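Coordinate inspection notes
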Amino acid sequence: MKINMQLGQRCRAASGFICKSIAALAFAGILPVQGAMAEESAPGRAAIAGTRPAWANETRRVSPGHVTSGTVSARVYLASQNAAGLSAYATAVSTPSDALYGHYLSPAEVKARFGPSVAEISMVTAWLTREGLTVTKVDDRVAGYVAVRGSVQAAAQAFGVTFGTFLGPDKKADRAPEQDATVPASVAGHVLAVSGLDTAAHYMKPFDTLPPPGPNYWIAPPCSSFYGEFIAFKEPWAYGLPQPWTNCGYTPRQIRGAYHTSDSGMTGKGQTVAIVDAYASPTMLSDANKYAIVTGDRPFKPGQYTQQLPSTFLYTAECGAAGWYGEETLDVESVHGQAPDANVVFVGAASCFDSDLFDALALIVDNHLASIVSNSWGEPFDQAAGEYSAWDTLFQAGAAEGIGFFFSSGDSGYEDPNGEDPFSDMRQVDWPTSSPWVTSVGGTSLAIGPFNNYEFETSWGTLLDPLASSGTSWQYTPPGLYPDFYDGSGGGGVSTYFAQPSYQAGVVPHSLATAVPEGTTSTPMRVIPDVSALADPSTGILVGQTTLQPDGITYAFSLSRIGGTSLACPTWAGIEADAQQAARHPLGFANPAIYQRYGTDAFHDVTDHPFGIAHLAEVRNNYSDPYTKTGPIITWLRTLGIDGEGAAALPAVEGYDDSTGVGSPHHYIESFQER
C-alpha cells in the first residue's frame, strides 16, 4: 500500500545565485544531469525547466489551437537568498565526519539565513501584479511561494507561454502550457519553481465532511502466527518441497525481535516522530490504543499522540479520503509499535494534492514539530514535473534543523510505461523518494520464527500462481511467470535526473549507478532505495482499525493484515527514533550516517536467495470477496524474491542493490550507542 502526487529542478546562472558552489550541490546530487534542460527562452527571460508537463505533446493533443479563456491558479516558489549556503550547511550538519555535524539551526535561524529576502519577495510580487495577476497569498518561509490567480491570457503573458488542450494523466482533456514557463531576467534569480499552470490533478494517492471508513479486508484461514508454523501438506508441492502457509500478520513485538529493537533496550523515549498523510481518521487514537492492547503493547499515554489538522478538508471525493484512513492507521500503529515511548504527531494535509502535502511538510519544518518525518506516498517521477527544486529546498531546510524525512520507495518496482503512468515512454523511479535529500525505504519479505527471531529476508516481489482446477498442481510452470499474476514489489531504480550524492559514492556499484533506464550514462546517478524493511503483504503486519463490517451497516474495530512500503517506511521511522535515543542527539538527515555503516552488522544484507536455493514461496488462501468474508476460497502459491521482470527487474544481490538498498535493520540502533 502506498499513496501518490506533482512537482523541477535547475541550475541557472542568471543572477549567479545557484551555480556558485558546485561541490556543495553535487553532494546532494541536486544538479540535473539528463532530460532536465529547459527549452531555449526568449531574450531577457529565463526558462523554468519542467513546467511544461511531459504529457503535453503533439501525440496527446486533444484539439487544435490555443486555449485563451479560463482561470489559472498558480504558485511561484521563491528561491533562497543563499541557495548554495543552505545546501552546504545542510550537508555539513548531516555528515558525521564534519566539524559542524549536529550543529542544527532553529527554524527562525534557517529562515533568517536562507529564506527569501523582503526585497526578493517584493520584486516577484510586483512583476506578477504588473502582468495582471492577483496575488492571493505570500508565504515568506524557506521554500515559500507567492500564490496568484488570474485569466489564462494574463498567465500566458506573465510566464511567456501559450496553452493547449491535451489528454492528461488523469485521462481527461487538460489545459497545459505548450512551452516551459519563463520569467524576466530581473526576477529569475528569485524564482525557484512554478506550479499550477496545467489543470491535471496532481496528487499523491494511498491508496467538506470526511466520509466514513471503508470495509475491512478479512484474512482467510489457515494462516500462521510465525513463519512456517503451519505447512500446506495437502496442497501441491513447489520447488520440490511442501510450502508454508502465509502468516496472519506479525505483531509489533515480533518485528521488534526480528530487527533487534527489543535487544537494544531503546523505546524512542524523548523523541518525536511526525507522520504526514492526507485527511484524518476520525477514530485514530482509539484504534491505536485498542490495537496496542490487543497485540500486547502499551497504549499511548495522555498527550503522547497529538494531531495538527487544517481548518477545512478539500477534494475528498477526488482523493478517496476514506482510503487514507488505513494509511494513517498503519503509519501511526507501526511507529508506535517500534518506538512505544516516542511522541507521535500526525499532520493531516487538507487534501492529497501536492500543494497541500507540501504545506503539511512545511508546517513541520517551520515549527520544528519533530526530528523524524514518515511519509508513505508519492508518484512516478515524470508526473511530478515543475517543483523538484522547491521540495528539495524544503528538505534541505529540514536537514539544517536536524529533521530527517523518510519516504516509501513505491510498490511497483521500477515504474514502467504500462504501470501508473500510461504516458511515460520509459522506466522511472518515484518521487519524492528519489530526492537525494530524503531516506528512501524499500521493501522485503520477512520470515520471523517462533521466538520473534529473524530467519531470513528476500526482496519484496511476489509472483502468484493459482491452484489448478484439478487441485493437484499449480496452474503455471514455472510458477508465477504470468504477468497478470504479478502482485507488487518494492520500488527502486536509478534516477535520470539527480546526480549521485557523495554519500552513495563507493557504496553503490558504478555499473549500477550508470545503468539508467533504456541505456547507460558516464555520470553516476542517484539510486534508490537507501534501506529496506518488511513490506510484502503476505509477511505483513496486523493492523487494527474501525471499519465497515460484512453486514454493510455496522462499524467496529477489526484486525487485518497489510503491507507495502507504506509499512516499511513507518517501521524505519520508529527504529530511527530508537536510534536517536541511543545516540542521545537528533540524527537529522540520516543518509550520510546510514551509508557510513554500510557493510557492518548495522544491517542485514538482503538477497533474493538467502539459502542459495532457487526460490522461496508461501501458500495463501483468499476469500473471493474479502470485504464480506464470502467464498469460494481461492488458493495461491506466492513465490518470493522476484522484484520486477525482464528489463525492469531489480535483483537483490550481495552488497548494495536497487531493490533493498544497504539492507534492513540488524544492529542499527546499537551502532549509535556510545561504546
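Source: prediction; values computed, not measured. (Residues numbered from 1 in each chain as written. Predicted model: local features only at pLDDT ≥ 70, side-chain atom pairs only at ≥ 80, totals over all residues. Heavy atoms only, no water.)

Some points on the overall build of the protein
- Along the backbone of the protein there are 16 helices and 29 strands.
- Among the 675 residues that make up the protein, the fraction classed as buried is 62%. (Helix = DSSP H or I, 4+ residues; strand = E, 2+ residues; numbered from the N terminus. Buried < 20%, exposed > 50% of the residue type's maximum accessible area, 1.4 Å probe, protein only.)

Concerning the sheet that holds strand 7 (residues 173-177)
- The strand order across the open sheet formed by 3 strands is 2-6-7, and the pairing between neighbours is antiparallel. Here the strands that pair on one side only, and so sit at the sheet edges, are strand 2 (61-67) and strand 7. Shown here is a sheet whose adjacent strand axes are inclined to one another by a mean of 25°, direction ignored.
- Note that strand 2 and strand 6 (residues 163-167) share 3 bridges and pair antiparallel. Bridging from a neighbouring strand, valine 67 pairs with phenylalanine 163 of strand 6. (Pairing = 2+ DSSP bridges. Axes fitted to C-alpha atoms, helices over the stretch in contact; angles between N-to-C directions.)

Considering the confidence of the model for the protein
- Taken residue by residue, the protein gives an average pLDDT of 88. The fraction at 70 or more is 88%.
- Segment residues 419-423: pLDDT under 50, and 20 contacts once partners within four positions in sequence are set aside and those in other chains are kept. (pLDDT = per-residue confidence, 0-100. Contact = heavy atoms within 4.5 Å.)

Let's talk about helix 11 (residues 321-338)
- With 18 residues, helix 11 extends 27 Å between its outermost C-alpha atoms, agreeing within 8% with the 26 Å of an ideal straight helix rising 1.5 Å per residue.
- Among the 18 residues that make up helix 11, 16 are buried, leaving the element largely enclosed by the rest of the structure. (Expected span 1.5 Å × (residues − 1).)

Section: the sheet that holds strand 5 (residues 145-151)
- Read across the sheet, 4 strands follow the order 4-5-3-9 without closing on themselves; strand pairing throughout is antiparallel. Of all strands in the sheet, those bounded by a partner on one side alone are strand 4 (134-139) and strand 9 (191-195). The sheet shows a mean angle of 20° between the axes of neighbouring strands, direction not considered.
- Two strands pair when backbone bridges link them, and strand 4 and strand 5 are joined in this way by 5 bridges, in the antiparallel orientation. Pairing of lysine 137 across the sheet is with alanine 147, part of strand 5.
- Sheet contacts for helix 5 (residues 152-159): strand 3 (71-78), strand 5 and strand 9; angle to strand 5, the most-contacted strand, approximately 130°.

Some thoughts on the pattern of salt bridges
- Summed over all chains, the structure comprises 14 salt bridges.
- Linking glutamate 58 and arginine 61 is a salt bridge whose minimum nitrogen-to-oxygen distance equals 2.7 Å.
- Its relative accessible area of 58% is what places glutamate 58 among the exposed residues.
- For the salt bridge of aspartate 297 with arginine 256, the shortest nitrogen-to-oxygen distance reads 2.9 Å. Of this pair, aspartate 297 sits in the loop between helix 9 (284-294) and strand 11 (305-308) while arginine 256 sits in helix 7 (residues 252-258), placing them 41 residues apart in sequence.
- Owing to a relative accessible area of 16%, aspartate 297 belongs among the buried residues under this scheme.
- Note on arginine 256: relative accessible area 10%, which makes it buried.
- Through salt bridges with shared partners, a single network forms among Arg75, Asp139, Arg141, Asp359 and Asp366. (Salt bridge = Lys/Arg side-chain N within 4 Å of Asp/Glu carboxyl O.)

Focus: the packing of aromatic side chains
- Scanning the model with the defined rule gives 29 aromatic pairs in all.
- Measuring from ring centre to ring centre gives 5.1 Å for tyrosine 227 and phenylalanine 456, while their planes differ by 90°; the resulting arrangement is edge-to-face. Highlighted residues: tyrosine 227 in the loop between strand 9 and helix 7 and phenylalanine 456 in strand 18 (residues 454-459), separated in sequence by 229 residues.
- Here phenylalanine 456 falls in the buried class, since its relative accessible area comes to 5%.
- A centroid spacing of 5.7 Å and a plane angle of 55° characterise the contact between tyrosine 279 and phenylalanine 313, whose relative ring orientation is tilted. With a gap of 34 residues between them, tyrosine 279 in the loop between strand 10 (272-278) and helix 9 and phenylalanine 313 in the loop between strand 11 and helix 10 (316-319) connect regions that are remote in the sequence.
- With relative accessibility at 12%, the residue phenylalanine 313 sits in the buried group.
- Clustering of aromatic rings is evident, with ring pairs tying together Tyr77, Tyr145, Phe358, Trp377, Trp391, Phe395, Phe405 and Phe407.
- The ring of phenylalanine 163 carries the charged tip of arginine 175 above its face, separated from the ring centre by 5.5 Å. (Phe/Tyr/Trp six-rings, centres within 6.5 Å; stacked < 30°, edge-to-face > 60°. Lys NZ or Arg CZ within 6 Å of the ring centre and 35° of its normal.)

A short note on the state of the cysteines
- Counted according to the given criterion, the structure contains 2 disulfides.
- Each sulfur of the disulfide joining cysteine 223 and cysteine 248 lies 2.0 Å from the other. Residues cysteine 223 and cysteine 248 are joined through a disulfide that is right-handed, its torsion about the S-S bond being 100°. Here cysteine 223, found in the loop between strand 9 and helix 7, pairs with cysteine 248, found in the loop between strand 9 and helix 7; they are 25 residues apart in sequence, far enough to count as distant. (Disulfide = S-S within 2.5 Å.)

A short note on helix 9
- For helix 9, the complete set of buried residues consists of Met284, Asp287, Ala288, Asn289, Tyr291 and Ala292.
- Contact partners of the buried residues in helix 9: helix 7, strand 11, helix 11, strand 24 (541-548) and strand 25 (555-562).
- After helix 9 finishes, the residue glycine 296 shows a positive phi value of roughly 85°.

Overview of the side chain of threonine 251
- Tracing the sequence through the fold places threonine 251 in the loop between strand 9 and helix 7.
- Once residues lying within four places of it in the same chain are set aside, the contact partners of threonine 251 are Thr295 and Leu542.

Some remarks on unusual backbone geometry
- The amide bond that connects proline 221 to the next residue, proline 222, takes the cis arrangement and shows omega of -5°.
- Summarising the element assignment, proline 222 is placed in the loop between strand 9 and helix 7.
- Of note in the backbone geometry, tyrosine 239 takes a positive phi value of approximately 55° without being a glycine.
- Structurally, the position occupied by tyrosine 239 is in the loop between strand 9 and helix 7.

So, the nonpolar core
- One finds Val276, Leu361, Phe405 and Tyr668 to be the most contacted residues of the largest nonpolar core, which totals 130 residues.
- The dominant element in this core, judged by the number of residues it contributes, is helix 15 (residues 565-583), at 10 residues.
- Ranked by size, the runner-up nonpolar core spans 28 residues in total, among them Ala46, Val124, Val161 and Leu197. (Core = buried A, V, L, I, M, F, W, Y, C linked by side-chain atoms within 4.5 Å.)

Examining the pairing of strand 24
- In terms of burial, strand 24 is a largely internal element, 8 of the 8 residues being buried.
- For strand 24 and strand 25, the ladder comprises 8 bridges, and the chain directions are antiparallel. Across the sheet, the residue bridging to threonine 546 is phenylalanine 557, located in strand 25.
- The turn joining strand 24 and strand 25, which pair antiparallel and follow one another in sequence, is formed by 6 residues; a positive phi near 75° is taken by glycine 552.

Details of the side chain of threonine 444
- If you trace the backbone, threonine 444 turns up in strand 17 (residues 439-448).
- There is a polar contact of 3.3 Å between the side chain of threonine 444 and the backbone nitrogen of leucine 534. (Polar contact = N/O pair within 3.5 Å; in protein donor to acceptor, adjacent residues only side chain to side chain.)

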